[in-house]
Amino acid sequence: MSDRETIGNTGADDDLSLPKATVTKLITEMLPPDINCAKDTRDLLIDCCVEFIHLIASEANDICEKDAKKTIAAEHVIDALKHLGFENYLADVEEVLKEHKKLQKDRDKKSSRLENSGMTEEELLRQQELLFAQSRLKYQAQQQN
């Protein structure tokens, strides 16, 4: 079963679905080992998830438009959850958002560290080749002992 294999209704949202293999893996991880999930049940869960995402995205879009913004931000999604009565999801959503922002910040630090090195790409490549050569020599020396 391919990750591209999808389930969806036959309306205008034909292309909106979730990968069957990914959903199957999530279901399997969440259920006890002695419980199986029928394909019809999996397909129903996929349809429910797609509908939930569509509902939240539509509400977030409405909030975004009211704020005269052109891009839906995380805050719009959080407000959408509140407006639709899904307050019980807020703690988890805000925790995931915090983790995401931290990962983005760390990723930005790594990329800026390279940019702030003051070295050209050629100099960095030469330095990398030198490090590889030194490592290779160390490895060969250890193999001879």
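Owing to the predicted nature of the structure, the values given are computational and were not obtained by experimental measurement.

Conventions used here
Residues numbered from 1 in each chain as written. Predicted model: local features only at pLDDT ≥ 70, side-chain atom pairs only at ≥ 80, totals over all residues. Heavy atoms only, no water. pLDDT = per-residue confidence, 0-100. Helix = DSSP H or I, 4+ residues; strand = E, 2+ residues; numbered from the N terminus. Axes fitted to C-alpha atoms, helices over the stretch in contact; angles between N-to-C directions. Parallel < 35°, antiparallel > 145°, perpendicular 65-115°, else oblique. Contact = heavy atoms within 4.5 Å. Nonpolar A, V, L, I, M, F, W, Y, C, P; charged D, E, K, R; others polar. Core = buried A, V, L, I, M, F, W, Y, C linked by side-chain atoms within 4.5 Å. Buried < 20%, exposed > 50% of the residue type's maximum accessible area, 1.4 Å probe, protein only. Arc of directions from axis to C-beta. Phe/Tyr/Trp six-rings, centres within 6.5 Å; stacked < 30°, edge-to-face > 60°.

**Q** So what's going on with the confidence of the model for the protein? Residues and values would help.
**A** Interpretation of this model should avoid reading the predicted coordinates in detail wherever pLDDT is low. For the protein, mean pLDDT is 86; residues scoring 70 or higher make up 86% of the total. Ranking the helices and strands of the protein by mean pLDDT puts helix H3 (residues 74-83) first, with 97, and helix H4 (residues 90-115) last, with 85.

**Q** Could you give an account of the packing of helix H1 (residues 20-30) against helix H2 (residues 39-66), naming the residues involved and the relevant values?
**A** Here H1 crosses H2 at 105 degrees, and the two axes come no closer than 10 Å. Viewed along their axes, H1 and H2 adopt a mutual orientation that is roughly perpendicular. Across the interface between the two elements, Lys-20, Val-23, Thr-24 and Ile-27 from H1 touch Arg-42, Asp-43, Leu-45 and Ile-46 from H2. The residue inventory of the contact of H1 with H2, partitioned by class, reads four nonpolar, one polar and three charged.

**Q** Go over the nonpolar core with me, naming the residues and quoting the values.
**A** By size, the foremost hydrophobic cluster in this structure holds eight residues: Ile-56, Ala-60, Ile-63, Ile-78, Ala-80, Leu-81, Leu-90 and Leu-97. Listing elements by their share of this core, those giving two or more residues are H2, H3 and H4. Residues within four places of Leu-97 in sequence aside, it is in contact with Ala-74 and Ile-78.

**Q** Give me unusual backbone geometry: which residues, what numbers.
**A** Positive phi values are uncommon outside glycine, yet Ala-68 reaches one of about 60 degrees. Locating Ala-68 in the fold gives a position in the loop between H2 and H3.

**Q** Please give an account of H1 that cites residues and values.
**A** Among all positions of H1, only Lys-20, Val-23 and Ile-27 are buried. Buried residues in H1, looked at end-on, bunch into an arc of 70 degrees, giving them a common side. For H1, exposure combined with an orientation more than 90 degrees from the buried face picks out Lys-25, Thr-28 and Glu-29. Buried-residue contacts for H1 involve H2.

**Q** Run through the packing of aromatic side chains, naming residues and quoting values.
**A** The final tally for this structure, using the stated rule, is three aromatic pairs. With a centroid separation of 5.1 Å and an interplanar angle of 85 degrees, the aromatic rings of Phe-52 and Phe-86 are classed as edge-to-face. Separated by 34 residues along the polypeptide, Phe-52 in helix H2 and Phe-86 in the loop between H3 and H4 bring together distant segments of the chain. Phe-52 sits in the partly exposed class, given a relative accessible area of 30%.

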